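Chain by chain, the residues:
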Amino acid sequence: QVQLVESGGGSVQAGGSLRLSCTASGLTSYSSSRLAWFRQVAGKEREVVACVFTSRTTYYADSVKGRFTISRDSAKKTLYLQMDNLKPEDTAIYYCAARPNQYDGTWPPAIGDFPYWGQGTAVTVSS
């Protein structure tokens, strides 16, 4: 059984910062997993925000490039998303996702590429 647990969401004003965390358990191949952050607004499809490969290569959606930073700590089996200069359009439920034994891939990844998901953490940015 694999479990991903997100934390760090909250409510901030535009221009503020938040750091999301996602800790994995039961994922023995964490260090060789492709990890990603997605977000979803009610009535819209879930969209990828950022992704980090086993090689530690990172990718970002154009909408967050330069403002968000994805990183991973294999020892703690934790994925992070540092979000700076937040904008109201960043308001969404954020989900972490993992694909085991993924040594490479393409950008952007598809939702179906990730078999494991967290429960989501809410981020609200007010103007």
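Further up the page is the structure itself.
This section reports on the structure supplied with the text. Values in this document were obtained by computation on a predicted structure and should not be read as measured data. (Residues numbered from 1 in each chain as written. Predicted model: local features only at pLDDT ≥ 70, side-chain atom pairs only at ≥ 80, totals over all residues. Heavy atoms only, no water.)

With that settled, consider the sheet that holds strand β8 (residues 78–83). Sheet architecture is open: 4 strands sit in the order β1-β3-β8-β7, paired in antiparallel fashion. Either end of the sheet is taken by a strand with one partner, and the two such strands are β1 (3–7) and β7 (68–73). Adjacent strand axes in the sheet meet at a mean angle of 15°, parallel and antiparallel pairs treated alike. Pairing of β1 with strand β3 (residues 18–25), which is carried by 5 bridges, proceeds in the antiparallel orientation. Counted as the bridge partner of serine 7 is serine 21 from β3. (Pairing = 2+ DSSP bridges. Helix = DSSP H or I, 4+ residues; strand = E, 2+ residues; numbered from the N terminus. Axes fitted to C-alpha atoms, helices over the stretch in contact; angles between N-to-C directions.)

A separate point is the side chain of arginine 34. Along the polypeptide, arginine 34 turns up in strand β4 (residues 34–40). Put simply, arginine 34 is tucked away with no salt bridge, and the nearest opposite charge, on aspartate 113, sits 4.1 Å away. There is a polar contact of 2.3 Å between the side chain of arginine 34 and the backbone oxygen of threonine 106. (Buried < 20%, exposed > 50% of the residue type's maximum accessible area, 1.4 Å probe, protein only. Lys, Arg positive; Asp, Glu negative; His and termini not counted. Salt bridge = Lys/Arg side-chain N within 4 Å of Asp/Glu carboxyl O. Polar contact = N/O pair within 3.5 Å; in protein donor to acceptor, adjacent residues only side chain to side chain.)

Attention now goes to the pairing of β8. Burial runs high along β8: 5 of the 6 residues are buried. Both β3 and β8 contribute to a ladder of 6 bridges, which runs antiparallel. Residue pairing for β8: cysteine 22 is matched across the bridge by leucine 79. Two elements, β7 and β8, share 6 bridges in a ladder whose sense is antiparallel. By the bridge assignment for β8, isoleucine 70 is matched with leucine 81. Hairpin geometry of β7 and β8 is characterised by an intervening segment of 4 residues between the two adjacent antiparallel strands and by a positive phi of about 50° at lysine 77.

Looking now at the pattern of salt bridges. Following the criterion strictly, the structure yields 4 salt bridges and no others. With a shortest N-O distance of 3.0 Å, arginine 39 and glutamate 47 are connected by a salt bridge. The residue arginine 67 makes a salt bridge to aspartate 90 at a minimum N-O spacing of 2.8 Å. Note that arginine 67 is positioned in the loop between β6 (58–60) and β7 and aspartate 90 in the loop between β8 and β9 (92–99), a separation of 23 residues in sequence.

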